[in-house]
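# Tertiary structure, described
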Amino acid sequence: DLIARAMSEQSQRIVLASRPQGIPTAENFRLEEVPVPALQEGEILVQTRFLSLDPYMRGRMNAGASYAPGVELGEVMVGGAVGDVVASRHPDFAEGDVAQASIGWQSHGVVAGDEARKVDPQLAPISTSLGVLGMPGMTAYFGLLDVGQPRAGETVVVSGAAGAVGSLVGQIAQIKGCRAVGIAGSDAKVDYICDELGFAGGFNYKTASNHRKSLGALCPDGVDVYFDNVGGPVSDAVFTQLNLGARVSVCGQISQYNLERPEMGPRQTWLFITKRLSMRGFLVFDFAERYAEALHALAGWLREGKLSYREDIVDGLENAPAAFIGMLQGDNTGKRLVRVS
C-alpha cells in the first residue's frame, strides 16, 4: 500500500557530528542515509521541499542550550521545514497536502499531525511558511508590536535589518506610522532596505568608523524603539541614542553566538535609570496562542503590497551546513532557505 511504499524509501539527513568551538565548520556536520521511519497512528510523513536556516540553531549546537535542549551528537539538526505529505495516519492530513513542521535537516520527516500546520499553496508560495508567513514573520510582528510597542511618529532602529526578521520589522514599523532606520553589514544591504523596503536610512556597521555618530546623523530626534538582533558594539552605540522612555526589544545577539569567551563591553545600565528605559527579551513561542492573529495580519499586508520579502535560496540538502555557516557570518539578504527537493 501507499504507506508501505513510502516507508521503503531512503531518507537523507544531516546530523550534528561534533560540537563547534567558535564558528561552526563543515566537520561539525555529517550527511547520512537512513530508512524512512515507520509511521504510527496520528503521524504524517513529509517529503521536505524547503528547509529553514535560522541563527537560533547555533545555540542548539551547544551541549546546554539555555532555553531549549541542545542537539545531541548524532541527532538530526533541528529546523523548520515545509513539504509534501506523502503518507498520513492523521485525520487532518491527506496525501498531497502541504505541511510545515519542525522536521529538521532531512529529506523525509515523520511528525505528529497535531504538531504540523497545513499550508495553502494558493495563498502564497509555500516557502513563505518558513519566512514572512512563518516563524520569522511572527517574531517580527510580536517582537515589535507587543514588546517594542511603537507609536506613530516614533523612530524605530533595527539591527540585522536586511535579515529575515529585521527586514520585516522595519516594514511593520512603517505600516504603523513610524520612521524605520536600519543597521546592516554591507552597502548592498543598506541599499536594499532603503531603496526596496522604504527605510528612512541605514548604515553599514562594518565600514562606519563611529557607530554612535552614524546613528546620530540618521536619528537627529533620537531613538524610541530599538529592535536588537545582534548585540555587541552595535547595540552599545544604539543605547546612547535612546530617548526618554524608549523600549528595547531583544530578539537575538548574533554577534555573540560564535564567541568562545563572552565579549566585554560598556556597562550602560545607568542609562536605564536616567532615561527610564525598558528592555525585554522574548521568544516567539511566548505568543503561541496568538499565532493565527499574526498570520492573518501578515498575510493581509502581503496581499495589499505593504510587505515585501526576499528569499536567499541554496539548492541541495548537502549544502545546508555551508549555507548555515555563511548565514551566521552575514552572507545572506532576506530569508535563507535550502531547496531540498
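Residues numbered from 1 in each chain as written. Predicted model: local features only at pLDDT ≥ 70, side-chain atom pairs only at ≥ 80, totals over all residues. Heavy atoms only, no water.

## Here's the deal with the overall build of the chain
Scanning the chain from N- to C-terminus turns up ten helices and 15 strands. Computed over its C-alpha atoms, the radius of gyration of the chain comes to 21 Å, within 12% of the 20 Å expected for a compact globule of 341 residues. In terms of overall dimensions, the chain has C-alpha extents of about 70 × 45 × 35 Å along its principal axes. Within the chain, the proportion of its 341 residues that are buried is 55%. Accessible area for the chain stands at about 15,300 Å²; split by element, carbon and sulfur atoms hold 50% of it. Taken together, the 30 basic and 38 acidic charged side chains of the chain have centroids lying 8 Å from each other. (Helix = DSSP H or I, 4+ residues; strand = E, 2+ residues; numbered from the N terminus. Rg over C-alpha atoms; globule rule 2.2 N^0.38 Å. Buried < 20%, exposed > 50% of the residue type's maximum accessible area, 1.4 Å probe, protein only. Areas by Shrake-Rupley, 256 points an atom, 1.4 Å probe, with all protein chains shown as cover. Lys, Arg positive; Asp, Glu negative; His and termini not counted. Charge placed at Lys NZ, Arg CZ, Asp CG, Glu CD.)

## As for unusual backbone geometry
The phi torsion at Gln-149 lies on the positive side, around 50 degrees, for a residue other than glycine. One can find Gln-149 in the loop between α3 (135-148) and β8 (155-159). One non-glycine residue with positive phi stands out, namely Arg-276, at about 50 degrees. Within the secondary structure, Arg-276 sits in the loop between α8 (269-274) and β13 (278-281). For Arg-276, a relative accessible area of 55% gives the class exposed.

## Topic: the packing of aromatic side chains
Applying the stated criterion to the full structure yields ten aromatic pairs. Ring centres of Tyr-141 and Phe-142 lie 5.0 Å apart, and the angle between their planes is 90 degrees; on these two criteria the pair is classed as edge-to-face. Here Tyr-141 and Phe-142 have matching classes, each one buried. On the numbers, 4.6 Å between centres and 0 degrees between planes, the contact of Phe-142 with Phe-287 is stacked. (Phe/Tyr/Trp six-rings, centres within 6.5 Å; stacked < 30°, edge-to-face > 60°.)

## Some points on the nonpolar core
What tends to happen in soluble globular proteins is that the nonpolar side chains get buried as a cluster. In terms of nonpolar packing, the biggest core is built from 39 residues, with Leu-144, Ile-172, Leu-298, Trp-301 and Leu-307 touching the most fellow members. For this core, the secondary structure elements donating two or more residues are α3, β8, α4 (166-175), β9 (179-184), α5 (187-196), β11 (223-228) and α9 (291-303). It is α3 that provides the largest number of residues to this core, a total of seven residues. Contacts of Leu-298, omitting those with residues within four sequence positions, involve Val-132, Leu-133, Gly-137, Met-138, Ile-172 and Leu-307. (Core = buried A, V, L, I, M, F, W, Y, C linked by side-chain atoms within 4.5 Å. Contact = heavy atoms within 4.5 Å.)

## Overview of α5
Those residues of α5 that fall on the buried side of the exposure criterion are Lys-189, Val-190, Tyr-192 and Ile-193. Projected down its long axis, α5 carries its buried residues within an arc of 155 degrees, all on one side. Set apart from the buried face of α5 by more than 90 degrees, the exposed residues are Asp-187, Ala-188, Asp-195 and Glu-196. Structurally, α5 contributes buried residues whose contacts are with β9 and β10 (201-204). Directly after α5, the chain includes Gly-198, whose backbone phi takes a positive value near 80 degrees. (Arc of directions from axis to C-beta.)

## What to know about the state of the cysteines
All chains considered together, the criterion is met by zero disulfides. Unpaired in this structure, Cys-194 has its nearest cysteine sulfur neighbour in Cys-219, at a distance of 11 Å. Judged by its relative accessible area of 24%, Cys-194 is partly exposed. (Disulfide = S-S within 2.5 Å.)

## Thoughts on the sheet that holds strand β12 (residues 242-250)
Spatially, β10-β9-β8-β11-β12-β13 is the arrangement adopted by the six strands of the open sheet, whose pairing is parallel. In the strand order of this sheet, the two ends are held by β10 and β13, each with one partner. Along the sheet, successive strands turn relative to each other by an average axial angle of 15 degrees, direction set aside. In the sheet, β11 pairs with β12 via five bridges, with the strands oriented parallel. Bridge pairing links Phe-227 to Ser-249 in β12. Along the sheet, α4 contacts β8, β9 and β11; its crossing angle with β8, the most-contacted strand, is approximately 175 degrees. (Pairing = 2+ DSSP bridges. Axes fitted to C-alpha atoms, helices over the stretch in contact; angles between N-to-C directions.)

## Here we look at the packing of helix α6 (residues 211-218) against helix α7 (residues 232-239)
At a minimum axis separation of 9 Å, α6 and α7 run at an interaxial angle of 50 degrees. Viewed along their axes, α6 and α7 adopt a mutual orientation that is oblique. Judged by the twist between their axes, the crossing of α6 over α7 is right-handed. Of the residues in α7, those touching α6 at His-211, Arg-212 and Leu-215 are Pro-233, Val-234, Ala-237 and Val-238. In terms of residue class, the contact of α6 with α7 is made up of five nonpolar, one polar and one charged. (Parallel < 35°, antiparallel > 145°, perpendicular 65-115°, else oblique. Left-handed = near helix turned anticlockwise from the far one by under 90°. Nonpolar A, V, L, I, M, F, W, Y, C, P; charged D, E, K, R; others polar.)

Everything listed is a geometric property; what it means functionally is a separate question.
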